Each structure stands twice: as C-alpha cells, then as structure tokens.
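Summary of structural features
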Amino acid sequence: MRSMDSGDSRVASILVADDPELSHQDGLDVVVRLRDGRGFTLTLVPLDALQRRLADAPSLLATRLVLVRHLTDDAVLHAVRAAVDQGIERFGTLQPPLVQ
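Structural notes, computed from the coordinates. Computed from a predicted model, the values in this text were never measured in an experiment.

So, about the pairing of strand β4 (residues 39-46). Taking burial as the measure, the 8 residues of β4 include 7 buried ones, the bulk of the element. Both strand β3 (residues 28-34) and β4 contribute to a ladder of 6 bridges, which runs antiparallel. Bridged to L28 within β4 is L44. What sits between β3 and β4 in their antiparallel hairpin is a turn of 4 residues, with G37 showing a positive phi close to 100°. Relative to strand β5 (residues 65-68), β4 runs parallel, the two sharing 4 bridges. Within the sheet, the bridge partner assigned to T43 lies in β5 and is L65. Tracing the backbone out of β4, into helix α1 (residues 47-55) and back to the parallel element β5 gives a crossover that is right-handed.

Let us look at the sheet that holds β5. With respect to topology, 5 strands assemble into an open sheet ordered β1-β2-β3-β4-β5, the strand pairing being mixed. Each edge of the open sheet is held by one strand with a lone partner, namely β1 (2-4) and β5. Between one strand and the next, the sheet's axes are offset by a mean angle of 30°, whatever the strand orientation. Against the sheet, α1 makes contact with β4 and β5, and its axis sits at roughly 75° relative to β4, the strand it touches most. In the packing of helix α2 (residues 73-86) onto the sheet, the strands contacted are β1, β2 (11-16), β3, β4 and β5, and the crossing angle to β4 comes to about 135°.

Reading the values: the criteria
- Residues numbered from 1 in each chain as written.
- Predicted model: local features only at pLDDT ≥ 70, side-chain atom pairs only at ≥ 80, totals over all residues.
- Heavy atoms only, no water.
- Buried < 20%, exposed > 50% of the residue type's maximum accessible area, 1.4 Å probe, protein only.
- Helix = DSSP H or I, 4+ residues; strand = E, 2+ residues; numbered from the N terminus.
- Pairing = 2+ DSSP bridges.
- Right-handed = clockwise from strand over helix to strand, strands pointing away.
- Axes fitted to C-alpha atoms, helices over the stretch in contact; angles between N-to-C directions.
- Contact = heavy atoms within 4.5 Å.

Pasting the structure below:
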C-alpha cells in the first residue's frame, strides 16, 4: 500500500493497493478515510479491462466499481474527489467513524 495526498480538505488519507508483485491491469483498490472519521473503498477498473471481462460474458455484476480511462494517480484522485462530491454512500462502502 502507498499513501497519496489528495489536496482535498475533506480527505484525511488515500491508500492505494500498489503492490509491485501484483498486476494492476485489471483494477486497483483504493481505501479512503475522511477527516470526519468515515471511510470507503473503491475499485478502479480501466475500460480495456472491462471490455476483456465482458468478451466472454453477457453481463458483469460488480459493486464499488469505478471506470477509469487509465490507472494513473490523476485517475485515482479524480475518482476519490468525485465520490466525495457526489456522496460516498453511492460510490463506496460506508464505514463507521473510527474510535481513537
């Protein structure tokens, strides 16, 4: 996992599952913690990976899936900001606030 700075005052941290041992061509998991203690996860999937998945299947059922053109840091930041802007309850799995 690696950490990213979002530049967004609402976001406390972004952790990206960026293991060099794993292939990221099919998707990338992102864990987001907000400053209010809530958090959510997203899976970013590039369009070409979606096309490969659908090549042999008539449908694809997925939750927490965010389509991106390419798996880049800019795409991660854009997806996180968009999810927060549009309501994380629609795009991620809402977690209870952290008790510290």
